[in-house]
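These are the residues of each chain, in order.
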Amino acid sequence: MNIAMIGTGYVGLVSGVCFAEFGFEVTCVDTKPAIIERLQRGEATIYEPGLEDLLERNITAGTLRFTTDLAEAVAAADVVFIAVGTPSRRGDDQADLQYIMAAADQVAEAMRPGTVVVIKSTVVVGTGTKVRDRIRAARPNVPFSMVSNPEFLREGSAIEDFMRPDRVVVGVEDEHGSEAMHRVYRPLYLRETPLIVTTRENAELIKYATNAFLAMKVTFINQVADLCEKTGGNVQDVAHAIGMDNRIGSKFLHAGPGFGGSCFPKDTRAFAATGRDHGVPQKLIESVVEINEKRKRSMAERLIGFAREAGGNTVAVLGISFKPNTDDIRESPALDIVSALRGEGIEVRIHDPAAMETGKAVLHDVTWCASPYEAVEGAHVVALLTEWNVYRALDLKRVAKEMSGKVLVDLRNIYQPQDLAGSGLEYHSVGRPTLLESSLTD
Ligand code: UDX
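Residues numbered from 1 in each chain as written. Predicted model: local features only at pLDDT ≥ 70, side-chain atom pairs only at ≥ 80, totals over all residues. Heavy atoms only, no water.

**Some words on the site of the ligand**
Close to the ligand lie 18 residues; Glu-155, His-254, Gly-260, Lys-323 and Arg-412 are nearest. The contact in question runs from an oxygen atom of the ligand to an N or O atom on the backbone of Leu-153, over 3.0 Å. Coverage of the ligand by the protein amounts to 92% of the 670 Å² it exposes when considered alone. A class-by-class count of the residues in the shell around the ligand yields nine nonpolar, three polar and six charged. Here the shell around the ligand spans two domains, since at least three of its residues come from each of domain 1 (2-198) and domain 2 (200-442). (Near = heavy atom within 4 Å. Polar contact = N/O pair within 3.5 Å; in protein donor to acceptor, adjacent residues only side chain to side chain. Areas by Shrake-Rupley, 256 points an atom, 1.4 Å probe, with all protein chains shown as cover. Nonpolar A, V, L, I, M, F, W, Y, C, P; charged D, E, K, R; others polar. Domains from an automatic or database assignment.)

Structure representation (structure tokens):
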């Protein structure tokens, strides 16, 4: 089985490398020569634990190749995956399909009879049919199969998610496409991974509905956190107990500064836009989008308030990636929060274990620090924005000593209030009672 993977972004690269690891012949294609050259050398172009090992191993084994020559890769392939980006389109929030369509046109030109064309990118319902019709119009006499195969990879654990998914979803319209998908996912099937074979429309809807639901779950617990703060509740205790109800489940119930990343914000907007386009507004998800935007602003206001109260002008930000184990800052709450602080003339000192290089491109007039302790130097408020492991066991007495103020705002609830005992810090978190230093005993 020969596979062509078009697009070496997050999804394409991880999927391509993992298919090679299964033993298939994989050629990954990208339009950017600089990326292809780095990948050919075995250098990971994205930050993903475990990726470089798999890259090296499969390049050496000869099962994994990288090229800018799409036509050559497609002409040799039995299955062609399209995994190019579908960013938010300016103006109407809908996913921009221009890269999908450009890839489809080139695939149409180069494919041989019997090719299975699979859309892996996240696309709105109906896209598979549009792409099929476009390819059919370009090559009316060449039979091919059109498949939808959405991914559910999380950044930071993408390889594990690929190798051990909860389920694989494929949307097909003929036996040939279905058979091909059974073959490419057979190694997972042997591990008893459920393979859901459904229509293409269902597969496209499943992807968006999954992300919309998860984003809604996060937003729900964030709102419960607000209520806990006003009523003396503790959102972690509430989340723990509601999560034990099997119908709800315990995952994605961590309150925080709002969701971010390359998927949830974009996919919730596109899901809402699709509802509007079809005259069935998705009110729940419209609200999720709005609440999440407001939340990032209200978190910034909280920090500004603490800084003003402390009579100070410096905030240390620990963590800017949208979640730990990634250098990705796309739509990270930290971006809005830092911009709002800067807008108020507050000095911002930042540390992040992996995302400082990506951060430098978009955040200006801030001080970049080599360690968390350097970041907190002279700060009136420390804001913990990403739950990186390195922040879980900070020497809190040292933090207090380096600071000019004493307020620690933990927007990820990674500490328990008693951890702060004797530290000299005033501790604020999300959806839990605030504990002032004076109320903690050593
Ligand atoms: C997500 C989906 O999980 C994945 O299936 C899909 O393919 C791509 O989008 P990812 O964006 O990598 O993956 O991150 P995820 O771990 O889902 O977190 C998304 C955002 O929600 C992050 O900003 C995270 O901090 C936030 N989040 C998540 C919470 O605030 N609380 C939670 O309980 C869970």
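**Examining the sheet that holds strand S11 (residues 367-368)**
Taken together, the six strands give an open sheet; going across it, the order is S11-S10-S9-S12-S13-S14, and neighbouring strands pair in parallel fashion. Two strands lie at the open edges of the sheet, namely S11 and strand S14 (426-429), each paired on one side alone. Here strand S9 (residues 314-318) runs beside strand S10 (residues 347-351); their pairing, made up of five bridges, is parallel. Residue pairing across strands places Val-317 opposite Ile-350, the latter belonging to S10. Against the sheet, helix H13 (residues 283-309) makes contact with S9, strand S12 (381-384), strand S13 (407-410) and S14, and its axis sits at roughly 160° relative to S12, the strand it touches most. This element, helix H14 (residues 333-343), spans S9 and S10 of the sheet and lies at about 155° to S10. (Pairing = 2+ DSSP bridges. Helix = DSSP H or I, 4+ residues; strand = E, 2+ residues; numbered from the N terminus. Contact = heavy atoms within 4.5 Å. Axes fitted to C-alpha atoms, helices over the stretch in contact; angles between N-to-C directions.)

**Thoughts on the state of the cysteines**
The full count for this structure, using the stated rule, is zero disulfides. Note on Cys-28: no disulfide assigned, nearest cysteine sulfur contributed by Cys-18 at a separation of 10 Å. Judged by relative accessible area, which is 0%, Cys-28 ranks as buried. (Disulfide = S-S within 2.5 Å. Buried < 20%, exposed > 50% of the residue type's maximum accessible area, 1.4 Å probe, protein only.)

**Points about the packing of aromatic side chains**
For any pair of aromatic rings, geometry is given as the distance between the ring centres together with the angle between the planes. Under the criterion given, the structure shown has nine aromatic pairs. A ring pair is formed by Phe-19 and Phe-22, whose centres lie 6.1 Å apart and whose planes are at 75°; its orientation type is edge-to-face. Per residue, the accessibility class of Phe-19 equals that of Phe-22, and both read buried. An angle of 45° between the planes, with centres 5.8 Å apart, marks the rings of Phe-22 and Phe-162 as tilted. (Phe/Tyr/Trp six-rings, centres within 6.5 Å; stacked < 30°, edge-to-face > 60°.)

**Section: the domain arrangement of the protein chain**
As far as domains go, the protein chain holds domain 1 (2-198) and domain 2 (200-442). In this structure, domain 1 and domain 2 have C-alpha centres spaced 33 Å apart. Each partner contributes residues to the interface: domain 1 has 34 residues there, and domain 2 has 28 residues. It is Tyr-47, Val-125 and Glu-155 that lose the most area in domain 1 upon contact with domain 2, and together they represent 27% of the buried surface on that side. Along the contact surface separating domain 1 from domain 2 lie three salt bridges. The residue Lys-207 makes a salt bridge to Glu-151 at a minimum N-O spacing of 3.1 Å. Taken together, the elements giving at least two residues each to the side of domain 1 that touches domain 2 come down to helix H6 (127-138), strand S6 (144-148) and strand S7 (168-171). With four residues, H6 is the largest single contributor of residues to the side of domain 1 that touches domain 2. Split into classes, the residues belonging to the side of domain 1 that touches domain 2 amount to 14 nonpolar, 12 polar and eight charged. (Buried area = accessible area lost by both parts, 1.4 Å probe. Salt bridge = Lys/Arg side-chain N within 4 Å of Asp/Glu carboxyl O.)

**A short note on the pairing of S6**
With respect to burial, S6 is a largely interior element, five of its five residues being buried. Burial of the side chains of S6 extends over both faces: Phe-144, Met-146 and Ser-148 are buried on one face and Ser-145 and Val-147 on the other. Sheet topology places strand S5 (residues 115-119) next to S6; five bridges connect them, and they run parallel. Following the sheet pairing, Val-117 is matched in S6 by Met-146.

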